[in-house]
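These are the residues of each chain, in order.
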Amino acid sequence: MVIVRKVALVASFCLLSTAALADEIAQSVSQSDDFKKHEKAFVTAARRLVSVGTCKVSDFEEVGGFLKSMNHKNKPIYFTYCGGMTIPNRLYLNVSTGEVFK
């Protein structure tokens, strides 16, 4: 019985931690260009990038989320930096497809 309670407590903590991280990620991209229009795409991409270790929440906070790409003016492409604000660390997001690319 004690083991079951410990497992339940750990599971609850993990769920709360996951929810807190999800909220933190959403907040970190909330200053993105056109956020209200593309909120779901930005949050989904950021969660995926954090979960696979490509980005940290602090990367999005430093950059301010996703910025509209002037290199792709006529396409729904936004960019951010993960791992430092240099061109090799720039990641693009197509908000229509969810594709992330360099």
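Refer to the structure above for everything that follows.
What this report covers is the structure whose coordinates are included nearby. (Residues numbered from 1 in each chain as written. Predicted model: local features only at pLDDT ≥ 70, side-chain atom pairs only at ≥ 80, totals over all residues. Heavy atoms only, no water.)

### A short note on the overall build of the chain
For step 1, the next point in the chain: Within the chain, the regular secondary structure consists of 3 helices and 4 strands.
For step 2, the next point in the chain: What you see in the chain, going N to C, is helices and strands ordered as α-α-α-β-β-β-β.
For step 3, the next point in the chain: Here the chain, with 102 residues, has 36% of them falling under the buried criterion.
For step 4, the next point in the chain: In the chain, once contacts between residues fewer than 6 apart in sequence are set aside, the share between residues at least 24 apart is 35%.
For step 5, the next point in the chain: Total accessible area computed for the chain in this model is approximately 6,700 Å², and 60% of it derives from carbon and sulfur atoms. (Helix = DSSP H or I, 4+ residues; strand = E, 2+ residues; numbered from the N terminus. Buried < 20%, exposed > 50% of the residue type's maximum accessible area, 1.4 Å probe, protein only. Contact = heavy atoms within 4.5 Å. Areas by Shrake-Rupley, 256 points an atom, 1.4 Å probe, with all protein chains shown as cover.)

### Some points on helix H2 (residues 35-51)
For step 1, the next point in the chain: The end-to-end C-alpha separation of H2 is 21 Å, well short of the 24 Å expected for 17 residues at 1.5 Å each.
For step 2, the next point in the chain: Bending of H2 peaks at approximately 35° at the position of Ala 41.
For step 3, the next point in the chain: Looking at H2, one finds that the buried residues are Phe 35, His 38, Ala 41, Phe 42, Val 43, Ala 45, Ala 46, Leu 49 and Val 50. (Expected span 1.5 Å × (residues − 1). Bend = angle between axes of the 7 residues up to and from the residue.)

### Comments concerning the nonpolar core
The nonpolar side chains of a soluble globular protein tend to be buried with one another.
For step 1, the next point in the chain: Within the largest apolar cluster, 19 residues are counted, with the highest numbers of intra-cluster contacts made by Val 29, Phe 42, Phe 60 and Phe 66.
For step 2, the next point in the chain: Within the residue set of this core, elements represented by two or more residues are H2, helix H3 (57-63) and strand S3 (90-94).
For step 3, the next point in the chain: Here this core takes 8 residues from H2, the largest share from any one element.
For step 4, the next point in the chain: Non-local contacts of Phe 60, meaning those with residues more than four positions away in its chain, are made with Ser 28, Val 29, Ala 46, Leu 49, Val 50, Cys 55, Gly 65, Phe 66, Thr 80 and Cys 82.
For step 5, the next point in the chain: Residues Val 63, Ile 77, Phe 79 and Tyr 92 belong to the second largest nonpolar core, which totals 5 residues. (Core = buried A, V, L, I, M, F, W, Y, C linked by side-chain atoms within 4.5 Å.)

### Some details on the state of the cysteines
For step 1, the next point in the chain: In this structure the tally under the stated criterion is 1 disulfide.
For step 2, the next point in the chain: Between the sulfur atoms of Cys 55 and its disulfide partner Cys 82 the distance amounts to 1.8 Å. Around the S-S axis, the bridge from Cys 55 to Cys 82 shows a dihedral of about 90° and counts as right-handed. Within this pair, whereas Cys 55 is found in the loop between H2 and H3, its partner Cys 82 is found in the loop between strand S2 (77-81) and S3, the two being separated by 27 residues in sequence. For the residue pair Cys 55 and Cys 82, the accessibility class agrees, reading buried in each case. (Disulfide = S-S within 2.5 Å.)

### A look at the pairing of S2
For step 1, the next point in the chain: Most of S2 sits inside the fold, with 5 of its 5 residues counted as buried.
For step 2, the next point in the chain: Neither face of S2 is exposed, since Ile 77, Phe 79 and Tyr 81 on one face and Tyr 78 and Thr 80 on the opposite face are all buried.
For step 3, the next point in the chain: Here strand S1 (residues 67-68) runs beside S2; their pairing, made up of 2 bridges, is antiparallel. From the neighbouring strand, Lys 68 faces S2, where its bridge partner is Tyr 78.
For step 4, the next point in the chain: Judged from the 5 bridges that link them, S2 and S3 form a sheet pairing that is antiparallel. In the sheet register, Tyr 81 faces S3, and the bridge partner there is Arg 90. (Pairing = 2+ DSSP bridges.)

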